[in-house]
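Observations on the three-dimensional arrangement
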Amino acid sequence: MINIRQFKKLLLNRHPHCAIILGSGLGAVADSIKKPLVIKYSDIQGFPTSTVAGHKGQMVIGTLGKHEVLCMQGRFHLYEGYHPSIIKDVISSLKQVGIKQLIITNAAGSLNPKILPGEIMFITDHINFSGLNPLIGENDEKIGPRFVDMTSAYDTEMRKCFKSVATKLKIKTHQGTYIFVTGPNFETPAEIKAFRILGADAVGMSTVPEVISASYCGIKTVAMSVITNFGAGMQKQKLSHEQTLACASKGATNLTKLIKAYFMEK
Ligand code: HPA
């Protein structure tokens, strides 16, 4: 078991300044990391362990292209029962070990008929529909302010950079607003209808607590969704599980390519 000081020491001769949070099905990014140093969450003091199947619960630190990166394979969802402030603690430990930029990926349902399963959406803004917030509780002004400005939570420059890499790779991307629900149930058709009226383009059960925490700590963030399905009630025919998996895999392959190319180019 290591504490945050020892964790920092371990990263001393690596000094990654970019962290990547990998959603389900996106583990291949970590497989491309050269000279990997793997640290299990369960070996870091105060770190919770991920309970979702397919989420590994470890960090992989090493070289991607010309850069040192820290990949989180496995994230903490509120539906697993974690207290929201745990996400603030995790993100602020990334800040403490020198992380300045964050790339967040997730799987999401589409609320916009123009954004199809298998495609990628850059998140440009969000609606926190959970009623929960990782920053609720006592505030440590040394880490971040009590009242956080969310106007630039999704960094325009990082997004522009990703967008130009996607264009070069001929990968179709969209931009839109993500609405965050805790889950774990999928939405009802009435909820999907309401979310569309609210102006959301995609719905999912992650990312927003991480983005709020990153804004709080002053970490620049880009977030991308792999669209795996249309929201409940948006299609007449039931989406087959096989079709969902095939779309998720196509989107994940493209997003993996995109992230790798981003680091090769920069
Ligand atoms: N709803 C919420 N989260 C999701 C969905 C969805 O339809 N698809 C993938 N993650």
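Residues numbered from 1 in each chain as written. Predicted model: local features only at pLDDT ≥ 70, side-chain atom pairs only at ≥ 80, totals over all residues. Heavy atoms only, no water.

Broken down by element type, the protein carries seven helices and nine strands. A globule of 266 residues ought to have a C-alpha radius of gyration of about 18 Å, and the protein, at 18 Å, matches this closely. With the principal axes as the frame, the protein shows a C-alpha extent of 55 × 40 × 35 Å. A total of 266 residues make up the protein; the buried ones form 53% of that total. Within the protein, contacts between residues separated by at least 24 positions form 82% of all contacts whose residues are at least 6 apart in sequence. In the form shown here, the protein has an accessible surface area of approximately 12,700 Å², with 55% of it arising from carbon and sulfur atoms. Where the 31 positive side-chain charges of the protein centre and where its 19 negative ones centre are 7 Å apart. (Helix = DSSP H or I, 4+ residues; strand = E, 2+ residues; numbered from the N terminus. Rg over C-alpha atoms; globule rule 2.2 N^0.38 Å. Buried < 20%, exposed > 50% of the residue type's maximum accessible area, 1.4 Å probe, protein only. Contact = heavy atoms within 4.5 Å. Areas by Shrake-Rupley, 256 points an atom, 1.4 Å probe, with all protein chains shown as cover. Lys, Arg positive; Asp, Glu negative; His and termini not counted. Charge placed at Lys NZ, Arg CZ, Asp CG, Glu CD.)

Quick look at the site of the ligand now. In the neighbourhood of the ligand, the contacting residues comprise Ala 107, Ala 108, Gly 109, Phe 186, Glu 187, Val 203, Gly 204, Met 205, Thr 228 and Asn 229. Between Thr 228 and the ligand, the recorded distance is 3.5 Å, taken from a side-chain N or O atom to a nitrogen atom. Burial of the ligand by the protein amounts to 90% of the accessible area it has alone, namely 260 Å². Counting residues per element, the ones that place at least two in the shell around the ligand are strand 5 (101-110), strand 8 (202-204) and strand 9 (220-230). It is strand 5 that contributes the most residues to the shell around the ligand, three residues altogether. (Near = heavy atom within 4 Å. Polar contact = N/O pair within 3.5 Å; in protein donor to acceptor, adjacent residues only side chain to side chain.)

In short, geometric facts, not functional conclusions.
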